[in-house]
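Letter by letter, the chains look like this.
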Amino acid sequence: MQTNELQGVLKGQKIAYFSMEIGLTSQIPTYAGGLGTLAGDAIRSSADLNLPLVAVTLISKRNYFKQKLDVNGRQTEQPNDWEPERLLTLLPNEVTMYIEERAVKVRAWLYVYQSAIGGAVPVLFLDTDFDANTPQDREISFYLYGGDERYRLKQEAVLGFGGVRMLDAVGFHVRKYHMNEGHSSFLAVELMHKHNLDEAKVKELCIFTTHTPVEAGHDRFSYDLIRDVLQAADLSLLKKYGGDERLNMTRLALNLSNYINGVAKRHQEISSKMFTGYEIHAITNGVHSYTWTGEQYRKLFDKYLPGWTIEPELLAKVDLISDGEIWQAHQQQKQVLIDFANQTSNAQLDPEVFTLGFARRATEYKRATLLFSNLDRLRTISKGNKFQAIFAGKAHPRDEGGKRLIEQIYTYARQLGGDVNIVYLENYDMDIAAKMIGGVDVWLNTPMRPMEASGTSGMKAAHNGVMNFSVLDGWWIEGWIENLTGWAIGPHPKENLDDATCFAKETEDLYNKLEYIIVPTFYNRRDEWIQLMKNSIGKTAYYFNSHRMMRRYVTEAYL
Ligand SMILES: *Cc1c(COP(=O)(O)O)cnc(C)c1O
């Protein structure tokens with residue numbers, strides 16, 4: 001079975017898509033957040049569209065922890081060990097690399113993502129956890145974003161150098177290499193060696209997508225560390241392409257790729273300023289329409305918009321669906337979410353009550369607590385027209401600031417008591433994401449600008465007729481039409497305001513729009529509200545999907 005499975009997917013010339021994390025399903029927990037689910041959606045769309053992709057990532061066997069929250073919202077982490085052998089096929093190939101002067105063997109597990117309507121995409125999960133390696137080297141493929149700099153460097157070396165070697169060893173013919181973020185930049189160095197330092201040739205082969213709009217977010221390694229960990233590395237080569245003082249993984253990718261892009265138009269502008277001298281394009285992210293559309297809406301789209309799974313543009317014709325059916329599908333999905341929340345969190349949410357949703361990695365720039373800046377305002381709003389909110393999100397185990405945010409939300413929830421019902425769901429993952437974006441009324445997003453390179457959960461929400469209410473950052477600047485596709489929180493990015501003024505405008509919008517526009521429309525003008533829901537589907541989801549995204553990668557970057 002296994003060899004047949006492999007024979008089928010080895011055929012032809014491939015685009016090799018490298019990503020430190022990939023979110024295929026919640027049963028394969030090798031992702032942490034948006035970067036991984038985006039990679040998963042790219043793979044799902046490629047399979048549907050019959051694109052010749054092969055993906056490469058790390059197995060992250062001890063990733064990603066299960067989140068437990070105590071009564072005060074204090075997060076603890078429980079191991080989330082999973083057994084790759086239950087879902088993946090071990091390939092017989094091994095490649096060798098030298099790390100700290102030890103020969104480290106790398107092997108790979110294969111998962112073939114099968115599209116229900118098209119082709120298949122093989123995914124290789126690189127693994128160092130087996131007998132041939134010392135205990136410390138076995139750990140390299142354990143923890144996604146775990147450990148110190150040295151650990152991260154080893155992981156990136158396995159992903160970049162090891163990944164290219166593994167593709168060759170297994171027998172893939174690769175015509176382009178796509179680096180999804182700078183974690184895999186060593187692949188370009190490996191290609192330089194493979195092609196006799198022919199820079200033009202390597203640049204021709206490489207595509208780089210940057211995801212990080214702030215300088216501090218880019219991986220940098222000191223050359224002392226590199227010397228220590230990767231003795232075989234050609235330092236003059238690394239310095240030439242990755243910087244003299246420290247090896248900047250983003251620079252390395254920028255200097256060795258002919259096609260470079262940011263993940264939204266705004267992110268392209270910011271990246272172009274951060275990295276002058278490079279031509280940086282914009283391919284705005286999208287999400288896999290079928291995956292992120294809830295069961296009830298799938299049925300409606302199948303009935304009225306047949307073909308939507310291969311051509312999500314058909315969602316533009318959402319007006320073919322009656323208001324009653326749109327509303328009923330929403331209420332059914334909302335009921336599923338609310339039942340789930342009430343069962344798992346012992347909450348008393350009401351499916352007739354206006355419901356806000358917010359779920360993201362709990363990290364400071366996402367500002368999960370912005371909603372609670374003024375508790376009295378929240379009480380007032382809810383007194384007029386009742387509302388409730390559902391939160392979720394994990395903090396990185398070492399992100400104390402992120403953990404504090406969760407505890408603060410618990411405190412606010414307690415202070416609001418019966419006035420506003422606030423629930424925090426444990427252990428956010430792709431399944432919980434799907435329930436939440438499929439069942440709330442409005443999806444809230446309050447990142448600190450310009451930190452959200454794109455963001456994707458709002459696009460998922462739009463596929464389910466959920467309205468976006470968001471800070472103008474990332475993709476939302478492109479998706480936003482005030483009062484039609486949703487609402488903006490705070491100033492337009494073109495306005496240059498100091499932090500305090502900006503914050504004042506954000507909280508003003510947040511409360512005023514909730515109180516005077518959003519919640520009253522939901523309760524008092526249901527027809528208008530349903531038209532807004534249709535706009536989310538017909539004006540947002542029809543465009544912000546990963547089929548459109550992958551078609552653009554094909555025509556602009558891969559061909
Ligand atoms: C979609 C998704 C994300 C990314 O959401 P953002 O809005 O980009 O923060 C993170 N985690 C999970 C589990 C997701 O499904």
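The model shown is predicted, which means the values in this text are computed figures rather than measured ones.

Undergrad: Quick one: what's the story with the site of the ligand, residue by residue and with numbers?
TA: If you check the shell around the ligand, you find 14 residues, and the closest are K366, G455, T456, S457 and K460. Note that an oxygen atom of the ligand is positioned 2.5 Å from one of the side-chain N or O atoms of S457. Listed by contribution, the elements that provide at least two residues to the shell around the ligand are α2 (34-48), α17 (430-439) and α18 (457-462). A domain split of the shell around the ligand shows at least three residues from each of domain 1 (3-286 + 549-558) and domain 2 (298-541).

Undergrad: Before we move on, could you go through the environment of D244 and cite the residues and values that matter?
TA: Position of D244 among the secondary structure elements: in the loop between α9 (235-242) and β11 (246-248). Its relative accessible area of 62% is what places D244 among the exposed residues. Measuring from C-alpha to C-alpha, the distance between D244 and I321 comes to 60 Å, with 77 residues separating the pair along the chain. Ignoring any residue separated from it by four or fewer positions in sequence, one finds D244 in contact with Y223 and K239.

Undergrad: Give me the sheet that holds strand β14 (residues 354-359): which residues, what numbers.
TA: Strand order across the open sheet formed by six strands is β16-β15-β14-β17-β18-β19, with parallel pairing between neighbours. The strands lining the two open edges of the sheet, one partner per strand, are β16 (421-425) and β19 (486-489). This sheet shows a mean twist of 20 degrees between the axes of neighbouring strands, independent of strand direction. Note that strand β15 (residues 387-392) and β16 share five bridges and pair parallel. Residue pairing across strands places I390 opposite V423, the latter belonging to β16. In this fold α17 packs onto β14, β15, β16 and β17 (442-445), with an angle of close to 160 degrees to the strand it touches most, β15.

Undergrad: Tell me what's going on with the domain arrangement of the protein, and back it up with residues and numbers.
TA: Split into domains, the protein comes out as domain 1 (3-286 + 549-558) and domain 2 (298-541). One C-alpha centre belongs to domain 1, the other to domain 2; they are set 31 Å apart. The interface of domain 1 with domain 2 comprises 43 residues on the first partner and 37 residues on the second. Here domain 1 meets domain 2 over a buried area of about 3200 Å², counting both sides, of which 53% is carbon and sulfur. When the buried area of domain 1 at its contact with domain 2 is split by residue, Q67, R74 and R266 rank highest and sum to 18% of it. Taken together, the links from domain 1 to domain 2 amount to five salt bridges. Close ionic contact of R74 with E400 constitutes a salt bridge, the shortest N to O distance being 3.2 Å.

Undergrad: Any details on the environment of Y516? Residues and values, ideally.
TA: Tracing the sequence through the fold places Y516 in helix α20 (residues 499-524). Judged by relative accessible area, which is 56%, Y516 ranks as exposed. With 447 residues separating them in the primary sequence, Y516 and L69 have C-alpha atoms 35 Å apart.

Undergrad: Provide a residue-level description of the packing of aromatic side chains, including the pertinent values.
TA: If you walk through the whole model with that rule in mind, you get 25 aromatic pairs. Between Y143 and Y151 the ring centres are 6.3 Å apart and the planes differ by 50 degrees, which places this aromatic pair in the tilted class. Classification of Y143 by relative accessible area gives partly exposed; the value is 32%. Since its relative accessible area comes to 10%, Y151 is described here as buried. Judged by centre distance (5.2 Å) and plane angle (70 degrees), the rings of F354 and F522 are edge-to-face. Placement of the pair is F354 in strand β14 and F522 in helix α20, with a sequence separation of 168 residues. Looking at F354, the relative accessible area reads 0%, which means it is buried. For F522, a relative accessible area of 1% puts it in the buried group. One residue, K435, lies across the ring of F340, its end atom 4.4 Å from the ring centre.

Undergrad: Pulling in residues and values, what's your account of the pattern of salt bridges?
TA: Taken as a whole, this structure holds 37 salt bridges when the rule is applied. Salt-bridge contacts for D228 lead to R150; the nearest nitrogen and oxygen are separated by 2.6 Å. Of the two residues, D228 is situated in helix α8 (residues 223-229) and R150 in helix α5 (residues 149-170); the sequence distance between them amounts to 78 residues. In this structure, the salt-bridge partner of E452 is K366, at a minimum N-O distance of 2.8 Å. Of this pair, E452 sits in the loop between β17 and α18 while K366 sits in the loop between β14 and α15 (375-384); the two residues are 86 residues apart in sequence, bridging distant segments of the chain.

Undergrad: So what's going on with the pairing of β16? Residues and values would help.
TA: Of all five residues making up β16, four are buried, and the element is well covered by its neighbours. Crossover connection from β15 via helix α16 (residues 400-416) to parallel β16: handedness right-handed.

Undergrad: So what's going on with the pairing of strand β12 (residues 259-262)? Which residues, and what values?
TA: The side chains of a regular strand alternate between the sheet's two faces. With burial as the criterion, each face of β12 is covered, one bearing Y259 and N261 and the other bearing I260 and G262. Pairing analysis gives three bridges linking strand β9 (residues 206-209) to β12, with the strands arranged parallel. What sits directly across from T209, in β12, is N261. With helix α11 (residues 265-274) bridging β12 and its parallel neighbour strand β13 (residues 280-282), the resulting β-α-β unit is right-handed.

Undergrad: Please give an account of helix α22 (residues 546-558) that cites residues and values.
TA: Its 13 residues place the ends of α22 only 15 Å apart at the C-alpha level, less than the 18 Å of an ideal helix rising 1.5 Å per residue. Of the residues making up α22, those classed as buried are S546, H547, R548, M549, M550, Y553, V554, A557 and Y558. In this structure, the buried residues of α22 make contact with β1 (13-19), α2, β2 (53-58), β8 (173-180), β9 and β12. In this structure N545 caps α22, since a side-chain oxygen of it lies 3.3 Å from the backbone nitrogen of H547.

Parameters and conventions
- Residues numbered from 1 in each chain as written.
- Predicted model: local features only at pLDDT ≥ 70, side-chain atom pairs only at ≥ 80, totals over all residues.
- Heavy atoms only, no water.
- Near = heavy atom within 4 Å.
- Polar contact = N/O pair within 3.5 Å; in protein donor to acceptor, adjacent residues only side chain to side chain.
- Helix = DSSP H or I, 4+ residues; strand = E, 2+ residues; numbered from the N terminus.
- Domains from an automatic or database assignment.
- Buried < 20%, exposed > 50% of the residue type's maximum accessible area, 1.4 Å probe, protein only.
- Contact = heavy atoms within 4.5 Å.
- Pairing = 2+ DSSP bridges.
- Axes fitted to C-alpha atoms, helices over the stretch in contact; angles between N-to-C directions.
- Buried area = accessible area lost by both parts, 1.4 Å probe.
- Salt bridge = Lys/Arg side-chain N within 4 Å of Asp/Glu carboxyl O.
- Phe/Tyr/Trp six-rings, centres within 6.5 Å; stacked < 30°, edge-to-face > 60°.
- Lys NZ or Arg CZ within 6 Å of the ring centre and 35° of its normal.
- Right-handed = clockwise from strand over helix to strand, strands pointing away.
- Expected span 1.5 Å × (residues − 1).

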